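A closer look at the structure
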Amino acid sequence: MPTSFYLDNVRNLLRNLRQEPISALPGRLAAIARPKMFRLSEEAAHRTGAGAILARAYRGKGIALMFHEIHSDVDGELRTGCSAAQLARIIDAVRADGRDIVPIGEGLRRLAEPDSTPFALLTFDDGYRDNRTNALPVLERAQAPMTLFAPTGMITREINAWWLGLRELIKTSAVLDLPAMGRSFDCGDLASKMSAMRMVTGWIGTDQSRADALAPVFAAKGIDLATLVERYAMDEAELRTFAAHPLVEIGAHTQSHRFLSALDEATVLNELKSNKAYLENLLGRPVRYLAYPFGTPGACGEREARLAALAGFEASFTTRAGHLFSEHLRHPQLLPRIDVGYAPQSRAALASRLNGLHRAMTTGFGNPVAIGT
C-alpha cells in the first residue's frame, strides 16, 4: 500500500481524535488499538503456521463466503468491495485449502454426510451489476458456482439504498457535515473518506431512523438514490439473463433491505414472502434460500429465523462469522457467513477466515459453532 495512504491515515486519525472530548479519548484509543492488535495477531499466526493449529476445532466441513460489489476501481469506490483479481485469488486459496466450491443445496447435503469432501459456498448480496460484468467471467474461468441474494427494491429501483447515497456523498465531498450525527468529517483524501464511511455506517448501526436522517443531506447535495441504484444494480432483464447462467442461483434478500429486527412480525413476514414471490414470478423457478440484510445479531435473530422458515425458505444466512458444521442442520435459518469481499485484504486475514482462526479470535476461543452469536 502506498506510503502516502498510511500518512493520510495517521493525519485523519489525529483529526478525529481532536474532535473527541478528553473523557472519551481512552475508550476511543482502545477502540482503535483493538483491530490493529487483531490484525497483528493474525499476521503472526499466519507467518508462524500457528493459525491452523490454534483453529483446528473451528474448522468446519463447510464455509460460506460473502461478497457484495466486485469493482473495476476499488479505490474510486472507497474500498467498499473488492476487485475481480481478489475474487480469483480467493477462489484459488479456497481450492488450495482442499475445498470444493459447490451450490448451497450440495453444501447442505455434504453437511449431513460425515465422509463428504469439505466445501465452500460463494454468495453475493444485493444484485449489483458488477457481479455480472466483473465477477461472472472469473467464476466462468474457475467453473465456480455462486448464489446472488437479491432484494426486490434493488431490482425495481424502489429501495432506500442509503449506503450508496452515503458513499456518493463522501466521494464528492471535501468536508462533510452531518448535523444528525453532530460531526464534521474531513474527506480530502482516500484514507479520510474511508474513515468517514466506517464511522457513519457504525453510527447508523441497526437504527433505521439514523439512516433516514441522511435524506436531507442527500437532497441538499443533489444525490438521488434511485439514480444511484440505476447506476449500480441489475434491472429485471439483467437479473433474468444472469439467473439463466448455469453457475448462478438466485436467493432472497427481503423486499426493502431494512433492519428486520426493527420491524414488527407481520411486516417482517411480508418482507420475506413478497421478495420470494417476486423473484419466483420473475425467474420462473423456486427461490429456496435467504440472506438477511446486514445479518448481525442486532439485525436478525431467533424471531427472524422462525419467520424465514414460515415463509418457506430451506436455509437462511446471517453475517455471523464462522464455519459450517453438521450441527447447523438443526438451525438452518441462522447459518454463518464470512465476509471476504473487502479491500485491501492480507494473506493472513484471508487465511484466518479459511482456517477458522477468525472465529476463534472474535469469540475469545468460545463456541466454534456460530448460531445465535
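Because the structure is predicted, anything quoted here is derived from the model rather than measured. (Residues numbered from 1 in each chain as written. Predicted model: local features only at pLDDT ≥ 70, side-chain atom pairs only at ≥ 80, totals over all residues. Heavy atoms only, no water.)

**Some thoughts on the overall build of the protein chain**
If you tally the helices and strands in the protein chain, you get 17 helices and 12 strands. Relative to the compact-globule value of 21 Å for 373 residues, the protein chain shows a C-alpha radius of gyration of 20 Å, a close match. Each of the three principal axes of the protein chain carries a C-alpha extent, and together these read 55 × 50 × 40 Å. For the protein chain, with 373 residues in total, the buried portion stands at 53%. Of the contacts formed within the protein chain by residues at least 6 apart in sequence, a portion of 72% connects residues at least 24 apart. Looking at the protein chain as shown, the accessible area adds up to about 15800 Å², and 56% of this sits on carbon and sulfur atoms. Charge-centre separation for the protein chain: the mean point of 43 positive side chains lies 5 Å from the mean point of 40 negative side chains. (Helix = DSSP H or I, 4+ residues; strand = E, 2+ residues; numbered from the N terminus. Rg over C-alpha atoms; globule rule 2.2 N^0.38 Å. Buried < 20%, exposed > 50% of the residue type's maximum accessible area, 1.4 Å probe, protein only. Contact = heavy atoms within 4.5 Å. Areas by Shrake-Rupley, 256 points an atom, 1.4 Å probe, with all protein chains shown as cover. Lys, Arg positive; Asp, Glu negative; His and termini not counted. Charge placed at Lys NZ, Arg CZ, Asp CG, Glu CD.)

**Here we look at helix α16 (residues 347-355)**
Most of α16 is tucked away: seven of the nine residues are buried. Within α16, the full set of buried residues consists of A348, A349, L350, S352, R353, L354 and N355.

**Digging into the packing of aromatic side chains**
Counting across every chain of the model gives six aromatic pairs. Residues Y58 and F365 carry aromatic rings whose centres are separated by 6.1 Å and whose planes lie at 85° to one another, so their mutual orientation is edge-to-face. Of this pair, Y58 sits in the loop between α3 (50-54) and β1 (62-67) while F365 sits in the segment after α17 (357-362); the two residues are 307 residues apart in sequence, bridging distant segments of the chain. Judged by its relative accessible area of 6%, Y58 falls in the buried class. Owing to a relative accessible area of 45%, F365 belongs among the partly exposed residues under this scheme. Look at F149 and F317: their rings are 6.0 Å apart centre to centre, the planes differ by 45°, and that puts the pair in the tilted class. Here F149 is found in strand β6 (residues 146-150), whereas its partner F317 is found in strand β11 (residues 315-317), with 168 residues between them in sequence. We note that F149, like F317, is buried. Taken together, W162, W163, F259 and F294 form an aromatic cluster joined through their ring pairs. The ring of Y232 has R167 lying over it, and the distance from NZ or CZ to the ring centre is 4.8 Å. For the cation-ring pair, K276 lies above F313, with the distance from its terminal atom to the ring centre recorded as 5.8 Å. (Phe/Tyr/Trp six-rings, centres within 6.5 Å; stacked < 30°, edge-to-face > 60°. Lys NZ or Arg CZ within 6 Å of the ring centre and 35° of its normal.)

**A word on the layout of surface pockets**
Leftover empty space is mapped by rolling, across the atoms, a probe with the size of a water molecule. In this structure, the second largest pocket encloses a volume near 280 Å³. What lines the second largest pocket is a set of 13 residues, and nearest its centre among them are R89, A93, R347, L350 and A351. For the lining of the second largest pocket, the secondary structure elements donating two or more residues are α4 (84-96) and α16. A class-by-class count of the residues in the lining of the second largest pocket yields six nonpolar, four polar and three charged. (1 Å grid on protein atoms, 1.4 Å probe; cavity = no way out; pocket = protein on both sides within 12 Å on 5 of 7 lines; lining within 4 Å. Points joined across faces, edges and corners; volume = space filled by probe spheres on them. Nonpolar A, V, L, I, M, F, W, Y, C, P; charged D, E, K, R; others polar.)

**A few points about the environment of V200**
Positionally, V200 belongs in helix α9 (residues 190-204). Judged by its relative accessible area of 0%, V200 falls in the buried class. For the pair V200 and A244, spaced 44 residues apart in the sequence, the C-alpha separation amounts to 38 Å.

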